Amino acid sequence: PAQRLLAATLIDMVLRLDPLVTEVIVDAPHEDTIVADLTTRVPIVVTEVPTIVADYSIGIGTAGDGVDMVADAAGWIAAIGTTAGAADDGNPIGALAGAALTAAEAFKWTFTTTYPDRPAALQLTPWAGTFSFFSYADDGASPPLADVRIDTTLIGAGGVGAGFIRAIGALGPRVSGSLAVVDKDFLTVDNLNRVSYATLDAALRREQKVIEATAFLRHHCPQLVVTPHHLTFDTFKRRIPRREDRTYDVIVTGLDNDDARWEVQRDLPRILIDGATGRDMVARVERVEFGQYGCLGCSRVPALAEPGQAVNCDAPPDEVAPSLSFLPAFPGILAAGEVIKEAGARGGLRGRFDHVFRYGPNPDLAGTPGFRADCTVGCQRSSKLAQYGRKYPPAGAPDA
């Protein structure tokens, strides 16, 4: 099952590299089930006979004849150039994160082959190895997955949120509890390439992202109560007038600006998990335990104003440059992994994990942010710490 999920997600991500990738040939048992719903989500033509000979081939779980790259996944483990070496226990995180890593390797090869004289191509370093997204190290750690019960709020259902939604959806009936999805935006054909849970029809109809996300999750996760909120976070939070009365067990943010992140952090969720991307193919997932180490106001320092226009993530893409759908999906997938860890009472990420897709996963890119005196949230102010303590008293403590 993990290999099938890896294959199906990889095909999805590679097809979204158009125009660098113009055709994907699938040679696998039950290949029709692997691509069954792709035509509803990506504007593609499916034919019985390939029209070209493949320039590059990827083997899932096995090398085979003439394969250029091998990819495998199981449990919390993703592997390139080797096998995963972990039990396939229905955990989707290794397979989904592995699909993003493998799609990145395909992108590196495709880009450097198509544009051999581009200076950036020198930085696209191929990678091979195994990596655990439980420990964020190459130690092979892959504890077994139990059924998961969550109490989570997702803020943002765009590219990062899509990775989270696809990962939670892949848990199927093994996930229960509640999930609130908060986003004020609508689908368009220009953002469809990153919003991988959405259908082409919904994008053409300009459906609300939260409605499409809710429909996807309810279809795949019958035990999970999903509630859509077509609102900004500012409006969503004001349903409860007093900040000290707003309690959230876990909030996941997939937002495109730091001001919004800081505002969520100021509302003091018990645990805040943030997924983000940056320049030069950088992805980050960050988990904040308020008061234990630096919060998002410490780790995401206000940037100096830069010349030029602000970036509009939903603007029409360059006609000759693909949207790297694997890039925003990756931190969303890892954020779902942190929610799984949280639900299982296992130690989660302490701080942040950065991944630069131009290189391979690097265990040294995990770190714990320190406190900053100029934190925009004020996470070391006694009033903030006291408010957090009243919201979430330690187990066994008397009610406030």
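Here the structure is a predicted model, which is why all the values come from computation and not from measurement.

Trainee: Even after reading the chapter, I still don't get helix H1 (residues 2–15), so can you show me in this structure?
Mentor: In this model H1 runs 20 Å from its N-terminal to its C-terminal C-alpha over 14 residues, within 8% of the 20 Å that 1.5 Å per residue would give. Within H1, ten of the 14 residues are buried, leaving the element largely enclosed by the surrounding structure. Along H1, the residues that are buried comprise Ala-2, Leu-6, Ala-7, Thr-9, Leu-10, Ile-11, Asp-12, Met-13, Val-14 and Leu-15.

Trainee: I keep staring at the pairing of strand S5 (residues 148–155) and nothing clicks. Help me out?
Mentor: Each regular strand shows side chains that alternate between the opposite faces of the sheet. In terms of burial, S5 is largely enclosed, as six of its eight residues are buried. Relative to strand S6 (residues 175–182), S5 runs parallel, the two being bridged by eight bridges. By the bridge assignment, Ile-150 is partnered in S6 with Gly-177. Where S5 and strand S8 (residues 250–253) come together, four bridges link them in parallel fashion. Paired with Leu-154 across the two strands is Val-252, which belongs to S8.

Trainee: How should I be thinking about the side chain of His-355 in this particular structure?
Mentor: As for its position among the elements, His-355 is in strand S11 (residues 351–356). Overall, His-355 belongs to the buried group, its relative accessible area being 1%. Those residues in contact with His-355 that lie beyond four places of it in its chain are Leu-101, Met-281, Val-282, Ala-283, Phe-330, Gly-360, Pro-361 and Leu-365.

Trainee: Looking at this model, I keep getting lost on the layout of surface pockets. Mind explaining?
Mentor: To find the voids left in a structure, one rolls a probe of water-molecule size over its atoms. Of the volumes computed, that of the second largest pocket is approximately 1,100 Å³. Along the walls of the second largest pocket sit 35 residues, with Val-24, Ile-25, Val-26, Ser-57 and Ile-58 positioned nearest its centre. Elements that contribute at least two residues to the lining of the second largest pocket include exactly H1, strand S1 (58–60) and helix H4 (93–114). Looking at which element gives the most residues to the lining of the second largest pocket, the answer is H1, with six residues. By residue class, the composition of the lining of the second largest pocket is 22 nonpolar, nine polar and four charged.

What counts, and at which threshold
- Residues numbered from 1 in each chain as written.
- Predicted model: local features only at pLDDT ≥ 70, side-chain atom pairs only at ≥ 80, totals over all residues.
- Heavy atoms only, no water.
- Helix = DSSP H or I, 4+ residues; strand = E, 2+ residues; numbered from the N terminus.
- Expected span 1.5 Å × (residues − 1).
- Buried < 20%, exposed > 50% of the residue type's maximum accessible area, 1.4 Å probe, protein only.
- Pairing = 2+ DSSP bridges.
- Contact = heavy atoms within 4.5 Å.
- 1 Å grid on protein atoms, 1.4 Å probe; cavity = no way out; pocket = protein on both sides within 12 Å on 5 of 7 lines; lining within 4 Å.
- Points joined across faces, edges and corners; volume = space filled by probe spheres on them.
- Nonpolar A, V, L, I, M, F, W, Y, C, P; charged D, E, K, R; others polar.

That is the geometry; function is a separate question.
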